Amino acid sequence: NVNKKISIVNHAVSGRSQLPVLLNFLFKAEEGKFSISATDLEIGIEAVVPANIEEEGSITVPAKTFYDLLSSLDKGKVILKTEGTNLLFEGDKIKTTFQTIKADEFPKIYEEKGEEIGIFTNEVLEKEIPGVVFSASQDSGRPALSGVLFGKTKGKKAGFYMVATDGYRLSFKKDAQGDGDEDKFLVPSRILRELALLKEGGNMSVRVSSKSNQIIFEQEDIVMVGRLIEAEFPNYQKIIPADHSTRVTLDRKDFLSAVKTCAVFARETANIIKLSIQKNKIVVSASAPSVGETTIEVDAVIEGEENEIAFNVRYVLEFLSNTVG
């Protein structure tokens with residue numbers, strides 16, 4: 001039980017920090033439950049593990065060492081207890097002592113859980129969020145583009161929408177039409193990527209704490225926390241075309257296979273592939289003078305004009321790999 005939960009919490013441990021305590025797990029035994037927490041001040045994760053609590057208390061231990069030790073052991077019961085400033089770890093035929101830092105030096109992951117704004121189903125976690133979040137920038141120097149805009153509309157047809165862009169591509173997903181925004185939040189894309197760890201655990205409650213400017217995701221015995229981004233998101237509605245001259249309908253798997261094959265040649269020429277839209281098909285091609293060239297035909301339904309367009313193959317692959325259809 002500890003091994004399964006601690007592998008999730010480990011994603012929030014700081015890689016390097018001027019604060020030594022951020023390199024640690026926080027262990028807390030209280031009210032008949034044992035919790036494990038970690039934070040790098042950008043995101044925080046807390047998980048509760050079934051345990052027999054003999055004495056309440058809390059302590060922090062070096063995360064990497066503890067995680068590596070636990071991962072190397074076979075299944076079985078373990079005993080954790082403090083002795084002075086150390087934590088003793090005892091299992092079948094093993095005894096280990098860890099240096100610790102006091103729990104009161106560990107920052108609080110959240111002050112309050114705040115107001116519930118919605119529920120994420122397994123389908124949202126597994127399909128809808130990945131289909132948007134891949135377009136967000138991973139450059140922390142551009143705060144507005146490193147987040148995903150979550151909007152909640154109002155009215156009889158109220159619903160949620162999600163938007164992400166890195167300045168080169170944009171992904172947009174909406175549940176329903178509404179009469180304007182009731183509220184919207186700019187959520188760090190990193191915490192949304194981490195939600196993939198919980199996609200098989202059932203529905204997830206989504207809360208926002210205005211007091212601490214945090215968004216909180218809670219699923220059974222796991223809590224993930226991220227600080228909302230305070231930046232102006234681009235006017236995405238002006239970017240999305242209102243009409244089109246050509247529409248192509250084709251099988252995603254066939255198209256993905258063709259693009260992957262052409263990517264082998266595209267990597268020799270700045271990752272460029274060409275799509276030639278012709279009657280009843282798309283021809284995907286890539287060429288590299290020093291290697292050769294390849295063309296693949298994919299059956300398609302074409303509405304409108306024939307055309308030819310070039311793309312960065314990485315962007316096409318990421319889109320096709322993160323959408324379902």
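Keep in mind the model is a prediction, meaning the values are calculated, not measured.

Caption draft 1: Seen up close, helix α7 (residues 313-321). Turning to α7, its buried residues are Val313, Val316 and Leu320. In an axial view of α7, the angular spread of the buried residues amounts to 65 degrees, which keeps them on one side of the axis. If you follow the buried residues of α7, they end up packed against α6 (252-266), β17 (272-278) and β20 (307-312). Between a side-chain oxygen at the N-terminus of α7 and the backbone nitrogen of arginine 314 the separation is 2.9 Å; the capping residue is asparagine 312.

Caption draft 2: Main features of the sheet that holds strand β16 (residues 246-250). On the basis of which strands lie adjacent, the open sheet formed by five strands has the order β16-β19-β18-β17-β20 and antiparallel pairing. At either margin of the open sheet sits one strand with a lone partner, and together these are β16 and β20. Each neighbouring strand pair of the sheet contributes to a mean axis angle of 35 degrees, computed without reference to strand direction. Across eight bridges, the pairing between strand β18 (residues 281-288) and strand β19 (residues 292-304) is antiparallel. Considered in β19, the bridge of valine 283 is made with glutamate 297.

Caption draft 3: Broad picture of the environment of valine 148. Along the chain, the position of valine 148 falls in strand β9 (residues 147-153). Linking valine 148 and proline 130, residues 18 residues apart in sequence, is a C-alpha distance of 11 Å. Among residues more than four places away in sequence, those in contact with valine 148 are Val132, Val133, Ala136, Met162, Val163, Ala164, Phe185, Leu186, Val187, Ser189 and Leu192.

Caption draft 4: Inspection of the nonpolar core at higher detail. Ranked by size, the top nonpolar core spans 51 residues in total, and within it Phe25, Phe66, Phe120, Leu192 and Phe217 carry the most contacts. Ranked by size, the runner-up nonpolar core spans 18 residues in total, among them Phe255, Leu275, Val284 and Ala286.

Caption draft 5: Fine view of helix α2 (residues 63-71). For α2, the full list of buried residues reads Ala63, Phe66, Leu69 and Leu70. Projected onto a plane normal to the axis of α2, the buried residues spread over an arc of 140 degrees and lie on a single side. Where α2 is buried, its residues touch α1 (2-9), β1 (24-30), β4 (57-62), β5 (79-83), β6 (86-91) and β7 (94-99).

Caption draft 6: Up close: the packing of aromatic side chains. Applying the stated rule across the entire model yields eleven aromatic pairs. With 6.3 Å between their ring centres and 15 degrees between their planes, phenylalanine 25 and phenylalanine 27 make a pair best called stacked. Comparing phenylalanine 25 with phenylalanine 27, the two get one shared label, buried. Consider the rings of phenylalanine 27 and phenylalanine 66, whose centres lie 4.9 Å apart with planes at 65 degrees: the pair is edge-to-face. Note that phenylalanine 27 is positioned in strand β1 and phenylalanine 66 in helix α2, a separation of 39 residues in sequence. Among the aromatic residues, those joined into a cluster by ring pairs are Phe25, Phe27, Phe34, Phe66, Phe89 and Phe98.

How each quantity is defined
Residues numbered from 1 in each chain as written. Predicted model: local features only at pLDDT ≥ 70, side-chain atom pairs only at ≥ 80, totals over all residues. Heavy atoms only, no water. Buried < 20%, exposed > 50% of the residue type's maximum accessible area, 1.4 Å probe, protein only. Helix = DSSP H or I, 4+ residues; strand = E, 2+ residues; numbered from the N terminus. Arc of directions from axis to C-beta. Contact = heavy atoms within 4.5 Å. Polar contact = N/O pair within 3.5 Å; in protein donor to acceptor, adjacent residues only side chain to side chain. Pairing = 2+ DSSP bridges. Axes fitted to C-alpha atoms, helices over the stretch in contact; angles between N-to-C directions. Core = buried A, V, L, I, M, F, W, Y, C linked by side-chain atoms within 4.5 Å. Phe/Tyr/Trp six-rings, centres within 6.5 Å; stacked < 30°, edge-to-face > 60°.

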